[in-house]
Every structure is written in C-alpha cells, then in structure tokens.
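Residues per chain are reported as follows:
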Amino acid sequence: MNSSESHFLPFIRGEKPALVIVESDRFLAVIEEKPLVEGHCVVFPKKVQDTWTDLSDQDLSDLMVFAKPIAQSIQKTVPCVKVGMAMIGLQVRHVHIHLVPIHSADDLNFTRPKLTITEAHLNAMAVRIRQNLT
C-alpha cells in the first residue's frame, strides 16, 4: 500500500474521532478536511479496495444505503439545492464517495482550489451533521 492508500486509515483506527459523522462495522462517514464547499463529507468502506468496481454488488449497494441518510443530513444542515455525489478515486486508492452540498454542477469541480477551514470549524460542522441524522 502506498501513502495515498492510507489516507483513511487514521479514521479507521479511531485517531480522528471528532471528524467522524457516523460509523458502522463496515463503513465510515467523515467530514472532508479539504472540502470543495462547507459540509462536504466522504463515505468509505473500512476494507481497503481501489475502486467502486472492485466492490461486490452487495457491498456497493450497502455503501450507497449507508451514504443516503448522511446526504439527507447534509441537506438539512447546509443550505444547498441538493447534495451531489462523486466517486473520483484518482488521488486516494481507497474507494470512497464524496457527498457535496451543491448549488450548481461547478460545486463538484474537483480541480478548483479546496477551502481552508480550521479544525474547530470542521468539528462543529461534523457535530451539526451528526445531530441532523435521522
């Protein structure tokens, strides 16, 4: 595993608990540390696999079902038209879904500069999203 593959391991090991939105035995959702927009979250399986096409049909389905209430909570928490979803996987070799509050398609443009947000602000956003989970 190269260094880009280990990006999510601190979350899996419990080293960044304040940024975790919700966790199950198989999946994690965290607030993105370098978001495109405020409220941007990432959902991923704990088992490291390179791309979504490597997942079994059941694991892919379960990942999407796990992500759904998180997207709904983001929608309640952050003013937006809807929550967009992207699976890019070029920088991090661990399948993951970006859930991004959007007003236009440009909000899902991953070539744009990312926001710089303090850890305290990220933690507060994570708390708000957790509180709105249904």
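Residues numbered from 1 in each chain as written. Predicted model: local features only at pLDDT ≥ 70, side-chain atom pairs only at ≥ 80, totals over all residues. Heavy atoms only, no water.

Draft legend 1. Focus on the overall build of the protein chain. Within the protein chain, the secondary structure is distributed over 3 helices and 5 strands. For the protein chain, the N- to C-terminal ordering of α and β elements is α-β-β-β-α-β-β-α. Relative to its length of 134 residues, the protein chain is compact, with a C-alpha radius of gyration of 14 Å against a globular reference of 14 Å. With the C-alpha coordinates of the protein chain rotated into their principal frame, the extents come out at 35 × 30 × 30 Å. Within the span of the protein chain, comprising 134 residues, buried residues form 41% of the whole. Considering only residue pairs separated by 6 or more positions, the protein chain has 59% of its internal contacts joining residues 24 or more positions apart. (Helix = DSSP H or I, 4+ residues; strand = E, 2+ residues; numbered from the N terminus. Rg over C-alpha atoms; globule rule 2.2 N^0.38 Å. Buried < 20%, exposed > 50% of the residue type's maximum accessible area, 1.4 Å probe, protein only. Contact = heavy atoms within 4.5 Å.)

Draft legend 2. Fine view of the sheet that holds strand 2 (residues 27–31). Spatial ordering of the open sheet is given by 1-2-3-5-4, a layout of 5 strands whose pairing is antiparallel. In this open sheet, the two strands that pair with only one neighbour each are strand 1 (20–23) and strand 4 (82–86). Each adjacent strand pair in this sheet contributes to an overall mean axis angle of 20°, direction not counted. Summarising the sheet, strand 1 and strand 2 pair through 3 bridges and their orientation is antiparallel. Residue pairing across strands places E23 opposite L28, the latter belonging to strand 2. Set on the sheet, helix 2 (residues 57–77) makes contact with strand 1, strand 2, strand 3 (41–45), strand 4 and strand 5 (97–102); between it and strand 5 the angle comes to about 25°. (Pairing = 2+ DSSP bridges. Axes fitted to C-alpha atoms, helices over the stretch in contact; angles between N-to-C directions.)

Draft legend 3. Region of the structure containing the confidence of the model for the protein chain. Across the protein chain, pLDDT averages 89, with 93% of residues at or above 70. Mean pLDDT across the elements of the protein chain bottoms out in helix 1 (residues 9–12) (69) and peaks in helix 2 (97). Note that residues 1–5 has pLDDT below 50 and, in this model, 7 contacts with residues that lie over four places away or in other chains. (pLDDT = per-residue confidence, 0-100.)

Draft legend 4. Looking closely at helix 3 (residues 119–131). Taking 1.5 Å of rise per residue, the 13 residues of helix 3 would be expected to cover 18 Å, and the 18 Å separating its terminal C-alpha atoms lies within 8% of that figure. Residues of helix 3 that are buried: L122, M125, A126 and I129. For helix 3, the angular spread of the buried residues around the axis is 105°, confining them to a single face. Away from its buried face, by an angle of more than 90 degrees, helix 3 presents the exposed residues A120 and Q131. Where helix 3 is buried, its residues contact strand 1, strand 2, strand 3 and helix 2. (Expected span 1.5 Å × (residues − 1). Arc of directions from axis to C-beta.)

Draft legend 5. Inspection of the pairing of strand 3 at higher detail. Burial of strand 3 is extensive: 5 of the 5 residues sit out of reach of the surface. The side-chain alternation of strand 3 yields two buried faces, one formed by C41, V43 and P45 and the other by V42 and F44. In terms of strand pairing, strand 2 meets strand 3 through 5 bridges, oriented antiparallel. Within strand 3, the position partnered with V30 by the bridge is V42. The pairing of strand 3 with strand 5 spans 3 bridges and is classified as antiparallel. Note that in strand 5 the partner of V42 across the bridge is H98.

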